[in-house]
Amino acid sequence: ESDAGVGALAVTTQGNVTVDNVTVKGSIKGGEIAGFFQYVNAEGTNVTITNSKNDATLTGTAKTAGFIAYTNKNAVIVIDNCVNNGSITRVCKQEKQCNNDSCCGYNSGAGFIANCDQDSNVTIKNSVNNGAVYGSANVAGFTGYTFGKITLENCVNNGRIETTNTSTWAVSAAGLVAMFGNGGN
């Protein structure tokens, strides 16, 4: 366990990436983590994930998700016919962190993508979240926090979604998308 970012397939990805019929299993602990890609952060990156599953148990101290922890910089993401069965837990390293923006506001937990930043274009379709998602704020079955464009088509959340934050600041929990920031649509 470390504070470093972890992605079972890659920490950072760029260019055109296609993942088909992959299952991630086991247990992953760390800082900003995801079952597939920790960070999609390059201008013009196109990531397509199809017919794949996350069965891993993930526990992170920052953005934590079954498929992608964070997208940025005009990334185009398509996730089609995928399933998250893994338990996702987003924890604060120190309880006092849960009352400020650096911990809870943008550090989400989700079955598919924790955070979609500005200019990201994400489509998730024909997909199911069966995994429980726990965290201090912005926890959801599909996307925790989005500034970018997100489209959900034919998606179902069957998993338990629960926030552990008792403060009144930035507490959002939802079956699909927990919070839209400026620019999200």
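Rules of the game
Residues numbered from 1 in each chain as written. Predicted model: local features only at pLDDT ≥ 70, side-chain atom pairs only at ≥ 80, totals over all residues. Heavy atoms only, no water. Core = buried A, V, L, I, M, F, W, Y, C linked by side-chain atoms within 4.5 Å. Buried < 20%, exposed > 50% of the residue type's maximum accessible area, 1.4 Å probe, protein only. Contact = heavy atoms within 4.5 Å. Pairing = 2+ DSSP bridges. Helix = DSSP H or I, 4+ residues; strand = E, 2+ residues; numbered from the N terminus. Axes fitted to C-alpha atoms, helices over the stretch in contact; angles between N-to-C directions.

Chemist: Please provide a residue-by-residue account of the nonpolar core, values included.
Modeler: Counting residues in each nonpolar core, the largest one holds 29 residues, and the members touching the most others are Phe37, Ile49, Ile77, Ile79, Ile113 and Ile124. Residue contacts for Ile113: discarding those within four places in its chain leaves Ala65, Ile68, Thr71, Ile77, Ile79, Val122, Ile124, Phe142, Thr143 and Gly144.

Chemist: Requested: an account of the sheet that holds strand E23 (residues 149–153), with residues and values cited.
Modeler: Spatially, the five strands line up as an open sheet ordered E3-E8-E13-E18-E23, and their pairing is parallel. Two strands close off the open sheet at either side, each with one partner strand: strand E3 (16–20) and E23. Each neighbouring strand pair of the sheet contributes to a mean axis angle of 5°, computed without reference to strand direction. Where strand E18 (residues 121–125) lies against E23, five bridges are found, and the strand directions are parallel. Across the sheet, the residue bridging to Lys125 is Glu153, located in E23.

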